[in-house]
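# Observations on the three-dimensional arrangement
The residues making up each chain are set out below.
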Amino acid sequence: GENVEQHPSTLSVQEGDSAVIKCTYSDSASNYFPWYKQELGKRPQLIIDIRSNVGEKKDQRIAVTLNKTAKHFSLHITETQPEDSAVYFCAAREGRRALTFGSGTRLQVQP
Amino acid sequence: DVKVTQSSRYLVKRTGEKVFLECVQDMDHENMFWYRQDPGLGLRLIYFSYDVKMKEKGDIPEGYSVSREKKERFSLILESASTNQTSMYLCASSLGGRTYNEQFFGPGTRLTVL
């Protein structure tokens, strides 16, 4: 089955700096890569996703890049703000299967 | 607005008890999922269902079973709870068919087995 590895496990940045979280996946057939944000005590919520036929997608301060050859994808957050502090999960899916999640990254944005 | 609800936010049970966790979604989603969330391990899939009475094992099905008698409801059953099943349990649902459909999560049930 699919295996998704996520790094780093924790990340601390100063407000206004950029943050990058990286994930690798094992199944070359995976074609959908969402990112979820989980604030403390709340449910995970989708923030951005990318399909395998696209190399990059951007939504305001967040962007995701996908390298199918290397089987890795990354989340980029620019101009970080304290409200970006949360746990971020990457995930991958092939076909009709369920999502396989990474282990999560705890992002702390220092004011 | 999609709503996924879970029967309890917090649950405390004794070792050996049979435990039922209920999940209900109100958006007519075909797919429903049960994950457990543990620090440093992310979200691990226990079981999922893509139709009524259909189920498939996820990555960690041992010690769990599921039931989906109605489209909107997906139950997770711990036949004989053990302390290593102490965890946060998250239910999710999504539309079926296309592979790019968003998964919507419930608020979670924090289960403690004593």
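Relevant structure appears above.
Our subject in this report is the structure included herewith.

Conventions used here
- Residues numbered from 1 in each chain as written.
- Chains lettered and ligands numbered in written order.
- Predicted model: local features only at pLDDT ≥ 70, side-chain atom pairs only at ≥ 80, totals over all residues.
- Heavy atoms only, no water.
- Helix = DSSP H or I, 4+ residues; strand = E, 2+ residues; numbered from the N terminus.
- Buried < 20%, exposed > 50% of the residue type's maximum accessible area, 1.4 Å probe, protein only.
- Contact = heavy atoms within 4.5 Å.
- Areas by Shrake-Rupley, 256 points an atom, 1.4 Å probe, with all protein chains shown as cover.
- Lys, Arg positive; Asp, Glu negative; His and termini not counted.
- Charge placed at Lys NZ, Arg CZ, Asp CG, Glu CD.
- Buried area = accessible area lost by both parts, 1.4 Å probe.
- Salt bridge = Lys/Arg side-chain N within 4 Å of Asp/Glu carboxyl O.
- Polar contact = N/O pair within 3.5 Å; in protein donor to acceptor, adjacent residues only side chain to side chain.
- Nonpolar A, V, L, I, M, F, W, Y, C, P; charged D, E, K, R; others polar.
- Pairing = 2+ DSSP bridges.
- Axes fitted to C-alpha atoms, helices over the stretch in contact; angles between N-to-C directions.
- Core = buried A, V, L, I, M, F, W, Y, C linked by side-chain atoms within 4.5 Å.
- 1 Å grid on protein atoms, 1.4 Å probe; cavity = no way out; pocket = protein on both sides within 12 Å on 5 of 7 lines; lining within 4 Å.
- Points joined across faces, edges and corners; volume = space filled by probe spheres on them.

### What about the overall build of chain B?
- Assigned secondary structure in chain B consists of 0 helices and 11 strands.
- In sequence order, chain B lays out its α and β elements as β-β-β-β-β-β-β-β-β-β-β.
- Overall size of chain B, expressed as C-alpha extent along the three principal axes, is 40 × 30 × 25 Å.
- Counting all 114 residues of chain B, 50% fall into the buried class.
- The long-range fraction of contacts in chain B, counting pairs at least 24 apart against all pairs at least 6 apart in sequence, stands at 56%.
- Of the roughly 5500 Å² of accessible surface on chain B, a fraction of 50% belongs to carbon and sulfur atoms.
- Charge separation in chain B, taken as the distance between the mean sites of 16 positive and 15 negative side-chain charges, equals 5 Å.

### Remarks on the interface of chain A and chain B
- At the junction of the two partners, chain A supplies 18 residues and chain B supplies 23 residues.
- For the chain A and chain B pair, buried surface summed over both sides reaches about 1900 Å², with 50% attributable to carbon and sulfur atoms.
- Joining chain A to chain B, the criterion identifies 0 salt bridges.
- Put simply, chain A and chain B have 6 residue pairs in polar contact (both at pLDDT 80 or more) between them.
- Listed by contribution, the elements that provide at least two residues to the side of chain A that touches chain B are β4 (32–38) and β5 (45–51) of chain A.
- Counting residues per element, the side of chain A that touches chain B draws most heavily on β4(A), which supplies 3 residues.
- Along the lines of polarity and charge, the residues of the side of chain A that touches chain B split into 8 nonpolar, 6 polar and 4 charged.

### Quick look at the sheet that holds strand β3 (residues 19–25) of chain A
Residue and element names in this part refer to chain A.
- Ordered by their spatial adjacency, 5 strands build an open sheet running β1-β3-β8-β7-β6, and the pairing between neighbours is antiparallel. On the outer flanks of this sheet lie β1 (4–7) and β6 (56–59), each paired with one strand and no other. Recorded for the sheet is a direction-independent mean angle of 15° between the axes of neighbouring strands.
- As defined by bridge partners, β1 adjoins β3 across 4 bridges and the pair is classed as antiparallel. When the sheet's bridge partners are listed, V4 is paired in β3 with Y25.

### Brief notes about the nonpolar core
- By size, the foremost hydrophobic cluster in this structure holds 23 residues, and its most contacted members are W35(A), F73(A) and L107(A).
- Elements that contribute at least two residues to this core include exactly β2 (10–14), β3, β4, β5, β7 (62–67), β8 (72–77), β9 (86–92) and β11 (105–110) of chain A.
- The contact partners of L107(A), leaving out residues within four places of it in the chain, are L11(A), V13(A), A19(A), I77(A), D84(A), S85(A), A86(A) and Y88(A).
- W34(B), I46(B), L76(B) and C91(B) belong to the second-largest nonpolar core, a separate cluster that totals 20 residues.

### A few points about the layout of surface pockets
- By volume, the largest pocket is sized at about 680 Å³.
- The wall of the largest pocket is formed by 29 residues, among which Q38(A), L40(A), V87(A), R106(A) and Q37(B) lie closest to the centre.
- Tallying contributions element by element places β11(A) first for the lining of the largest pocket, with 4 residues.
- Broken down by class, the residue content of the lining of the largest pocket amounts to 10 nonpolar, 13 polar and 6 charged.

### Description of the environment of I60(B)
- Mapped onto the elements of the fold, I60(B) is located in the loop between β6 (56–57) and β7 (64–70).
- Each C-alpha atom, one on I60(B) and one on V113(B), is 18 Å from the other, the two residues being 53 residues apart in sequence.

By themselves, these are just geometric observations and shouldn't be taken as functional.
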